[in-house]
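Per-entry structural report
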Amino acid sequence: MKILSDSSNETGLAPTLLAVGVLLMVSVAALWQATMGFNAISTEDGRRLAVARQAVTLPAAAIHAPQADTLAHLLAGDGRVALVSFMYSRCNTVCSVLGSEFQQLQQAIRQRHLQHDVRLISISFDAADTPLVLTEYARRLGADPPIWRMVSIDQETQRTALLATFGVVVLPEANGEYQHNVAFHLLDRQGRLVRIMDIDDPLTALEQAAALAQGTRHVAPL
Amino acid sequence: MLRRCEFALVCLLGATLPWRWLEASMLRHMLIQLPLLLAAGWCFGGAAAPYLPRWSGYIAKIDQHGIFGLTALLAVSAYWMIPRALELSLTLPLIALTKYASLLATGAMLAGSLERACGVIQLFYLGNFSSMMAIAGIQYQNLPQRLCNAYFLDDQNQTGMALVLAALAVAAVWLWYWAPIFFTSNKETQHDIPNIQSPVHRHTGA
């Protein structure tokens, strides 16, 4: 055990320095990759950044809204920009905040006459949220169907695929509740996911949605 | 050698067989599975070294003063403490493979690197390692948002506390190992105290 190294070396330091140099370059490249260019440390930041860089096409999903339909049809036939959020009706924590924020958004859409540009969609990931339950929940929250639709996805595989595409991870808790990452997802007129925004500021999210709608007003939906 | 191999195998199996249980919690993933992989690498490296003299020679050439292995330790631990990277190892098989490979390889080099590194170099690297873990641990506890979508917030808090404890533990073990030399008189500080890992005295000729 030596505190200081001795200066006698059989071979020079060159191989070591070269190896360390290569190691540092590989490490920096790996760290760059892991943080998406030193921009994101958390998975959620990474998810939002990835969507901002590249729009995501959603997989096919059969929905109940509350009639049988497909998500693509619901979105495409409409041509409006959509603010989407994932929730479940039994929620007592974050999603209930989301519920009141959507009420706020609905009110703002009416006030600013954005009904022809922006719509709201709440998608439930809970298998227990049958169309009947959702209809009741929607009524309770005062959701106005032309503006704000509540949707459930019947098939487990499609639900999983949709959640995976959005990047929403649902963790069941011991008490029957769920912990999941919450956000406003902005879909463009073609139904592609183009932006993910924080739920802290619903009116800013509405601004973004309105701006997207304005910017693409003269583009005919596919 | 056989005991080392057995221990290495136990560590490796402990890290891989219950992987679902280990990876279900951030605390278990980061502070049980990853250290077990490092330990497994360490023991495999130590067990295999006498049987691979040429390979050991090459490693010794690029790992003068333990610089390469200790830099690898810092790089690998920094990478796997990035929440996004850790979470990607849950879903992408390639990243998971990289996790196992990087930790086993770093562990295999680590014993040799620490042996080759003198006190000052050990202090530099292990000091950085320890403070990096402590800072990450404090951040994990302070941040209100979840860093990994796959893990609960409570889990994140606990992992933060455990990281700080681990940082203190690394520091404590290093000090305990070096305590004999700190408590001998000045005249003896440059003496070569028998390294408990290798039975052969290294004569400095000083």
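As shown above, the structure is provided for reference.
First things first, this report covers the structure right here in the doc. (Residues numbered from 1 in each chain as written. Chains lettered and ligands numbered in written order. Predicted model: local features only at pLDDT ≥ 70, side-chain atom pairs only at ≥ 80, totals over all residues. Heavy atoms only, no water.)

1. Structural notes on the overall build of chain A
Scanning chain A for helices and strands turns up 7 helices and 9 strands. Computed over its C-alpha atoms, the radius of gyration of chain A comes to 24 Å, more than 25% above the 17 Å expected for a compact globule of 222 residues. Along the longest, intermediate and shortest principal axes, the C-alpha atoms of chain A span 80 × 45 × 30 Å. When burial is assessed residue by residue, chain A has 46% of its 222 residues classed as buried. For chain A, restricting intrachain contacts to residue pairs at least 6 apart in sequence, the fraction spanning at least 24 positions comes to 70%. Of the roughly 11000 Å² that chain A leaves accessible, carbon and sulfur atoms contribute 59%. Where the 17 positive side-chain charges of chain A centre and where its 21 negative ones centre are 7 Å apart. (Helix = DSSP H or I, 4+ residues; strand = E, 2+ residues; numbered from the N terminus. Rg over C-alpha atoms; globule rule 2.2 N^0.38 Å. Buried < 20%, exposed > 50% of the residue type's maximum accessible area, 1.4 Å probe, protein only. Contact = heavy atoms within 4.5 Å. Areas by Shrake-Rupley, 256 points an atom, 1.4 Å probe, with all protein chains shown as cover. Lys, Arg positive; Asp, Glu negative; His and termini not counted. Charge placed at Lys NZ, Arg CZ, Asp CG, Glu CD.)

2. So, the environment of Phe86 of chain A
All names here are of chain A. Secondary-structure assignment places Phe86 in strand S3 (residues 81-87). Along the backbone, Phe86 and Phe166 are 80 residues apart, and their C-alpha atoms lie at a distance of 9.7 Å. Residue contacts for Phe86: discarding those within four places in its chain leaves Leu98, Ile123, Phe125, Leu162, Leu163, Phe166, Val168, His180 and His185.

3. Observations concerning the pairing of strand S4 (residues 118-124) of chain A
Residues and elements named next belong to chain A. The buried count for S4 comes to 7 of 7 residues, which makes it a mostly enclosed element. Burial along S4 is two-sided: Val118, Leu120, Ser122 and Ser124 and Arg119, Ile121 and Ile123, pointing in opposite directions, are all buried. Bridge count for S3 against S4 is 7 bridges, and the pairing is parallel. Residue pairing for S4: Leu83 is matched across the bridge by Leu120. Viewed along the sheet, the connection from S3 through helix H4 (residues 94-111) into S4 turns out right-handed. In this fold, S4 hands off to helix H5 (residues 131-141), which returns the chain to strand S5 (residues 148-153); that crossover is right-handed. (Pairing = 2+ DSSP bridges. Right-handed = clockwise from strand over helix to strand, strands pointing away.)

4. Focus: the interface of chain B and chain A
In this complex, chain B contributes 37 residues to the contact, which on the side of chain A involves 37 residues. Carbon and sulfur atoms supply 64% of the area that chain B and chain A bury against each other, a total of about 3400 Å² over both sides. Along the contact surface separating chain B from chain A lie 0 salt bridges. At the surface where chain B touches chain A, the tally comes to 9 residue pairs in polar contact (both at pLDDT 80 or more). Elements with a minimum of two residues in the side of chain B that touches chain A: helix H4 (53-62), helix H5 (67-80), helix H6 (83-91), helix H8 (119-142) and helix H9 (153-182) of chain B. (Buried area = accessible area lost by both parts, 1.4 Å probe. Salt bridge = Lys/Arg side-chain N within 4 Å of Asp/Glu carboxyl O. Polar contact = N/O pair within 3.5 Å; in protein donor to acceptor, adjacent residues only side chain to side chain.)

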